[in-house]
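So you can see what is in the structure, the chains are spelled out below.
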Amino acid sequence: MDWVWFGVAVIVIGAAVYWDWQRRKKLIARMTAAARQRGWTYEAKRQSLCRAYRGAPFKSSHNSEKAEHVITGTYRDRQFIAFQYRYKMDEDERRRQREREHRRHPLNLPSVLGGRRRESDHKHSEWRYYHVYAVSLPATRPFLEVSKEGLFRGVLDAVGIRDLQLESEEFNKTYKLKTDNNKFAYDILHPRMMEWMLNDGRVKKFGFTYQGNEIWTYRQGRFKLEDTTDYLDYLHRILERAPSFVWKD
């Protein structure tokens, strides 16, 4: 009898693996075709991207990191890259997520009563997903991270990265800055730029980071190719407000 159940288990697991493989194969084909229609290139994964960026949401200590659904190409005369980043949450992160879900859905009886969650819910909760967008710069420039004040953005332990405050008290209450070059930060965050940022809800939600020869941003959630141009337009609006002299040596 035990052999019967073992055989059934093997068949079920095999069917699940095959279904997942077929689903992923179709998704890759869809993404490849959609990217090609726009004149872009699609890669199913590029693991080196997990170590290419500094700060949140990237987890340098996680071995479970994955960079996938990578789109590269040109948009508005600038090279860009967009991709999905995910990692497996540890027990503390899963606990915090369950607490957030409970606050949003207090009548979720299984979680309230300590009941069992569906297997699909458990599997989904193991991974945290982000979508990342980066646009090339005219020149390589210092590091500057701009995020909403009070939002946890991870720990930047690189040598030379430090917090910075500007002369505007309202701006300092709204945004948190990290940089390795104060002059570059002052040049980028000039008075007109600060005024625009204080009145633009997208910056407060998305933030942005200058790093090397790119400016990039991210949001939590799964990557959707059709949203790519919206995020690229957002990054272009930031670049349009940068003084031309910051690109000169």
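(A) Representation of the overall build of the protein chain. When its secondary structure is counted, the protein chain shows nine helices and seven strands. In the protein chain, buried positions account for 41% of the 249 residues. By sequence separation, contacts in the protein chain at least 24 residues apart represent 69% of the contacts at least 6 residues apart. Looking at the protein chain as shown, the accessible area adds up to about 15100 Å², and 52% of this sits on carbon and sulfur atoms.

(B) Highlighting the pattern of salt bridges. Taken as a whole, this structure holds eight salt bridges when the rule is applied. Overlapping salt bridges, with partners in common, bring together R76, D233 and E240 in one network.

(C) Structural view of helix α9 (residues 228-240). An ideal rise of 1.5 Å per residue puts 18 Å on 13 residues; α9 measures up with 18 Å between its terminal C-alpha atoms. Within α9 the residues assigned to the buried category are T228, Y231, L232, D233, Y234, L235, H236, I238 and L239. Elements in contact with the buried residues of α9: β2 (66-75), β3 (78-88), β4 (127-148), α7 (191-199), α8 (201-206) and β7 (208-220).

(D) Focus on the packing of aromatic side chains. Going through the model one piece at a time under the given rule, you end up with 19 aromatic pairs. Ring geometry for Y53 versus F58: centroids 5.5 Å apart, planes at 20°, classification stacked. F58 matches Y53 in its accessibility class, with the two residues each being buried. With a centroid separation of 4.6 Å and an interplanar angle of 55°, the aromatic rings of F58 and Y85 are classed as tilted. With F58 in the loop between β1 (41-45) and β2 and Y85 in strand β3, this residue pair connects regions lying 27 residues apart in the sequence. Grouped by ring-pair contacts, the aromatic residues Y53, F58, F83, Y85, Y87, Y130, W216 and Y218 constitute a single cluster. Over the aromatic face of W127 sits the side chain of R86, whose NZ or CZ is 4.2 Å from the ring centroid. Geometry around W196 places R241 over its ring, the cationic atom sitting 4.0 Å from the centre.

(E) Just unusual backbone geometry, in detail. P57 follows A56 through a cis peptide bond whose omega is 5°. Considering the arrangement of structural elements, one finds P57 in the loop between β1 and β2. Positive phi values are uncommon outside glycine, yet R76 reaches one of about 50°. Of note in this structure, D77 is not a glycine but carries a positive phi near 65°. Mapped onto the elements, D77 comes out in the loop between β2 and β3. Residue classification places D77 among the exposed residues on the basis of a relative accessible area of 80%.

(F) Quick peek at the nonpolar core. Membership of the largest hydrophobic core comes to 44 residues, with the highest contact counts inside it found for L189, M197, F208 and Y210. The biggest single contributor to this core is α9, with six residues. Core analysis: the second largest hydrophobic core is formed by 17 residues, F58, F83, Y85 and Y218 among them.

Conventions we followed
Residues numbered from 1 in each chain as written. Predicted model: local features only at pLDDT ≥ 70, side-chain atom pairs only at ≥ 80, totals over all residues. Heavy atoms only, no water. Helix = DSSP H or I, 4+ residues; strand = E, 2+ residues; numbered from the N terminus. Buried < 20%, exposed > 50% of the residue type's maximum accessible area, 1.4 Å probe, protein only. Contact = heavy atoms within 4.5 Å. Areas by Shrake-Rupley, 256 points an atom, 1.4 Å probe, with all protein chains shown as cover. Salt bridge = Lys/Arg side-chain N within 4 Å of Asp/Glu carboxyl O. Expected span 1.5 Å × (residues − 1). Phe/Tyr/Trp six-rings, centres within 6.5 Å; stacked < 30°, edge-to-face > 60°. Lys NZ or Arg CZ within 6 Å of the ring centre and 35° of its normal. Core = buried A, V, L, I, M, F, W, Y, C linked by side-chain atoms within 4.5 Å.

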